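Listed here are the chains, written in short residue letters.
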Amino acid sequence: MSDFLTNLASTGWGRTVTKQLGLPQPARLRRGRTLPQGPVVLGAAGGTPSLVRETLALLAVLPQDALVDTAATRVTETTEDGETRQVPAPYPAKIGALVIDATSATAIADLETVRGLLRPAMKAVETSGRVVVVGVEPETAGAPTAVATQQALEGIVRSVGKELRGGATANLVRVDLLTDEPTTPTDLASTLSFLLEGRSAYVAGQVLHVGHAAEGRVSEISSERPFEGQVVVVTGAGRGIGAGIAEVFARDGAMVVAVDVPAAGEGLSSVANKIGGTALQLDITAPDAGQRVAAHVAQRFGDAARIHTIVHNAGITRDKLLANTDEERWGSVLEVNLAAQIRINDVLLDASLPGGLDEGGRVVGVASTSGIAGNRGQTNYAASKAGVIGLVRAMGADERLARRGITVNAVAPGFIETEMTARVPLATREIGRRINSLQQGGRPVDVAETIAWFAQPATAAVTGRVLRVCGQSQLGA
Ligand code: NAD
């Protein structure tokens, strides 16, 4: 599923041609476990908070000499009317990322500090560079001005994301600091490393929440293979995004159980063979689908084996205007995309079931931007995907699951280059592809990396959340 314009714009003459024709110039995105090349600049607004500095120090992969700490070094600046003031030290002409700790920002004047830090970065940030702002949940910020200041960060980050070019992204992370269970550097580390690395290539203009995980639940993020020896089940793994998810989990050490309908058996076995996983031919709408998944896991890996992560990726579309949507079109989409996973979860969450979900396990759903904004001709699909979002919120708030260290989250992909989207008529496809800040469609691997980040043992402090993987698409916004 190649994108002609991205290929063209990555050559010297192609860039000239696309520029002269006024066409979008999508950049080739940095992907995988790669850090920005230039230095990572740390800034702070509203005092000298320590959370982000301590978190960056935990990221063993980030060479500490690549860190420019403007928060620690301030210089004196003389304003036009001759007054002097302390401002953050200037930073290099080319940078890999700017990370701003705005957790202490409580006043409108603190937003000026944010502007001062961001302004030089708009030109300095490299291709596929990063802007990450860390704030607190606005409603926990206290006085109305503090709440407004924290909410203002969202407007800033979403706008910056739309102004950055060359595949660079901006995202906002919200943490809990003023609550009984504040976010710690260990809670935040996996999210910050995900956002800096190429794994988050297609996550742009988003707001992520990181809370706090109970002692012992959150592990360090040093491993390149965080799922070593763990069983991960992926539904709809015979092709498309599901095949990409299976590949990423296998790369990261998991023993993958790839599930798909018997009709997709050929694709399914080729995916399973490629990644050294096992194939399970199963229609997830079967009433005993959960029991069959558990039985497969117990049979292949032994009675003591349990599932670390289940990814509910299988999904279908049966698009029609609502005026033409009959009971069958409605029911089949709701059944595959929503009802089946509720039934499977109920079975796998039985702690006594051999082959069920493990303590500290992960449930990850696949929603869609259609489920957030609705889409013409997709009432059934949007209902099912919005339902996934509701399910994740409800399960994420379930104390019984929290006590078992189980997190439940979902991704909401935008336009991803798959067989599903290749069937969309050319003109509609081009619009879907280009109307986002990165001017290109995402790849299955982009969705897969985000799901793997949710599932990592180190991401224990994120639950009940939905993250869009859409390049900051204006469709479904
Ligand atoms: P796809 O059609 O290429 O793959 C879906 C897979 O699910 C297929 O292999 C199919 O056989 C399998 N499947 C369908 N019904 C099943 C059932 N009853 N039991 C078991 N397996 C079943 O689709 P895709 O583009 O790879 O999408 C994967 C997921 O991502 C879906 O949930 C889809 O709604 C969602 N999504 C995709 C996009 C996109 O742009 N491609 C955007 C948003 C959301």
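See above for the structure.
This one's a predicted model, so the numbers in the text were calculated from it and none came from an experiment.

Student: If you had to explain the overall build of the protein chain to someone new, which residues and values would you point to?
Tutor: Each helix and strand in the protein chain was counted, giving 16 helices and 15 strands. At 23 Å, the protein chain has a C-alpha radius of gyration in line with the 23 Å of a compact globule built from 477 residues. A principal-axis box enclosing the C-alpha atoms of the protein chain has dimensions of 75 × 55 × 40 Å. When the accessible surface of the protein chain is totalled, it reaches about 19900 Å², and 53% of it is carbon and sulfur. Here the protein chain holds 45 positive side-chain charges and 48 negative ones, and the gap between their average locations is 7 Å.

Student: Just give me the short version of the side chain of Asn-436, but keep the residues and values in it.
Tutor: For Asn-436, the location among the structural elements is in the loop between α15 (426-434) and α16 (444-455). Among the polar contacts made by the side chain of Asn-436, one reaches the main-chain carbonyl oxygen of Arg-433 at a distance of 2.7 Å. Ignoring anything within four residues of it in the chain, the contact list for Asn-436 reads Tyr-202, Cys-470, Gly-471, Gln-472, Ser-473 and Gln-474.

Student: With reference to specific residues and values, describe the sheet that holds strand β8 (residues 207-210).
Tutor: With parallel pairing, the six strands of this open sheet are ordered in space as β2-β1-β5-β6-β7-β8. The two strands at the open ends of the sheet, each matched to only one other strand, are β2 (67-69) and β8. Between one strand and the next, the sheet's axes are offset by a mean angle of 20°, whatever the strand orientation. Where strand β1 (residues 40-44) meets β2, three bridges bridge the pair, whose relative direction is parallel. Residue pairing across strands places Val-41 opposite Val-68, the latter belonging to β2.

Student: Requested: an account of helix α6 (residues 185-196), with residues and values cited.
Tutor: Between its first and last C-alpha, α6 extends 15 Å over 12 residues, near the 16 Å set by a 1.5 Å rise per residue. Summarising burial for α6: 11 of the 12 residues are buried, a large majority.

Student: I'd love a proper account of the pairing of strand β5 (residues 95-101), names of residues and values included.
Tutor: Counting buried positions along β5 gives seven out of seven residues, so the element sits mostly inside the fold. With helix α4 (residues 108-124) bridging β5 and its parallel neighbour strand β6 (residues 125-136), the resulting β-α-β unit is right-handed.

Student: Tell me about the pattern of salt bridges, residues and numbers included.
Tutor: By the definition in use, this model includes 20 salt bridges. Here Arg-199 makes a salt bridge to Glu-197, at a shortest N to O gap of 2.8 Å. Glu-197 matches Arg-199 in its accessibility class, with the two residues each being buried. Among the salt bridges present, the one from Asp-398 reaches Arg-400, with a minimum N-O distance of 2.8 Å.

Student: Tell me what's going on with the sheet that holds strand β14 (residues 407-413), and back it up with residues and numbers.
Tutor: The sheet built from seven strands is open, its strands ordered β11-β10-β9-β12-β13-β14-β15 with parallel pairing. Strands with a single pairing partner mark the edges of an open sheet, and in this sheet they are β11 (278-281) and β15 (466-469). On average, each strand axis in the sheet is inclined to that of its neighbour by 20°, with strand direction left out of account. The pairing of strand β12 (residues 307-312) with strand β13 (residues 357-366) spans five bridges and is parallel. In the sheet register, Thr-309 faces β13, and the bridge partner there is Arg-362.

Student: Mind laying out the nonpolar core, listing which residues take part and the relevant values?
Tutor: In this structure, Leu-56, Phe-249 and Ile-451 are the most contacted members of the largest nonpolar core, which totals 67 residues. Residue assignment places this core across two domains, with domain 1 (39-210) and domain 2 (231-469) each supplying three or more. In this view, Phe-249 contacts Phe-227, Val-232, Ala-254, Val-256, Thr-309, Val-311, Ile-451, Ala-452 and Ala-455; residues no more than four positions away in its chain are not counted. Listed in part, the 39 residues of the second largest apolar core include Ile-344, Leu-348, Val-363 and Ala-410.

Student: Can you lay out the packing of aromatic side chains for me, pointing to particular residues and giving the numbers?
Tutor: Evaluated as defined, the whole model comprises three aromatic pairs. Between Phe-227 and Phe-249, the aromatic rings sit 4.8 Å apart at their centres with planes inclined by 55°, giving tilted as the arrangement. In this pair, Phe-227 is assigned in the loop between β8 and β9 (231-235) and Phe-249 in helix α7 (residues 240-251), connecting sequence segments 22 residues apart. Note on Phe-227: relative accessible area 0%, which makes it buried. Note on Phe-249: relative accessible area 0%, which makes it buried. Centroid distance Trp-453 to Phe-454: 4.6 Å. Interplanar angle 35°. Geometry classified as tilted. Across the pair, exposure class does not vary: Trp-453 and Phe-454 are buried alike. A connected cluster of aromatic rings, assembled from ring pairs, spans Phe-194, Trp-453 and Phe-454.

Student: Could you give an account of the environment of Ile-344, naming the residues involved and the relevant values?
Tutor: Structurally, Ile-344 is set in helix α10 (residues 327-348). In sequence terms Ile-344 and Glu-419 are 75 residues apart; their C-alpha atoms lie 26 Å from each other. Residues contacting Ile-344, with those up to four places away along its chain left out, are Ile-284, Ala-289, Gly-290, Ile-310 and His-312.

Student: Let's hear about the environment of Gly-471: which residues, and what values?
Tutor: With respect to the element layout, Gly-471 can be found in the segment after β15. In this structure Gly-471 comes out as buried when scored by relative accessible area, which is 0%. Residues in contact with Gly-471, not counting those within four places in the same chain, are Tyr-202, Ala-204, Asn-436, Ser-437 and Leu-438.

Student: Help me get a handle on the layout of surface pockets, residues and values and all.
Tutor: Approximately 1500 Å³ is the volume attributed to the largest pocket. What lines the largest pocket is a set of 49 residues, and nearest its centre among them are Thr-317, Gln-378, Tyr-381, Met-420 and Thr-421. Counting only elements with at least two residues in the lining of the largest pocket, the list comes to α7, β10 (255-260), α12 (379-396), α14 (419-422) and α15. Considered as a void within the structure, the second largest pocket measures approximately 660 Å³ in volume. Along the walls of the second largest pocket sit 28 residues, with Glu-181, His-212, Gly-396, Ala-402 and Thr-463 positioned nearest its centre. Of the residues belonging to the lining of the second largest pocket, the class tally is 10 nonpolar, nine polar and nine charged.

Basis of the calculations
- Residues numbered from 1 in each chain as written.
- Predicted model: local features only at pLDDT ≥ 70, side-chain atom pairs only at ≥ 80, totals over all residues.
- Heavy atoms only, no water.
- Helix = DSSP H or I, 4+ residues; strand = E, 2+ residues; numbered from the N terminus.
- Rg over C-alpha atoms; globule rule 2.2 N^0.38 Å.
- Areas by Shrake-Rupley, 256 points an atom, 1.4 Å probe, with all protein chains shown as cover.
- Lys, Arg positive; Asp, Glu negative; His and termini not counted.
- Charge placed at Lys NZ, Arg CZ, Asp CG, Glu CD.
- Polar contact = N/O pair within 3.5 Å; in protein donor to acceptor, adjacent residues only side chain to side chain.
- Contact = heavy atoms within 4.5 Å.
- Pairing = 2+ DSSP bridges.
- Axes fitted to C-alpha atoms, helices over the stretch in contact; angles between N-to-C directions.
- Expected span 1.5 Å × (residues − 1).
- Buried < 20%, exposed > 50% of the residue type's maximum accessible area, 1.4 Å probe, protein only.
- Right-handed = clockwise from strand over helix to strand, strands pointing away.
- Salt bridge = Lys/Arg side-chain N within 4 Å of Asp/Glu carboxyl O.
- Core = buried A, V, L, I, M, F, W, Y, C linked by side-chain atoms within 4.5 Å.
- Domains from an automatic or database assignment.
- Phe/Tyr/Trp six-rings, centres within 6.5 Å; stacked < 30°, edge-to-face > 60°.
- 1 Å grid on protein atoms, 1.4 Å probe; cavity = no way out; pocket = protein on both sides within 12 Å on 5 of 7 lines; lining within 4 Å.
- Points joined across faces, edges and corners; volume = space filled by probe spheres on them.
- Nonpolar A, V, L, I, M, F, W, Y, C, P; charged D, E, K, R; others polar.

The values reported here are purely geometric and, on their own, carry no functional implication.
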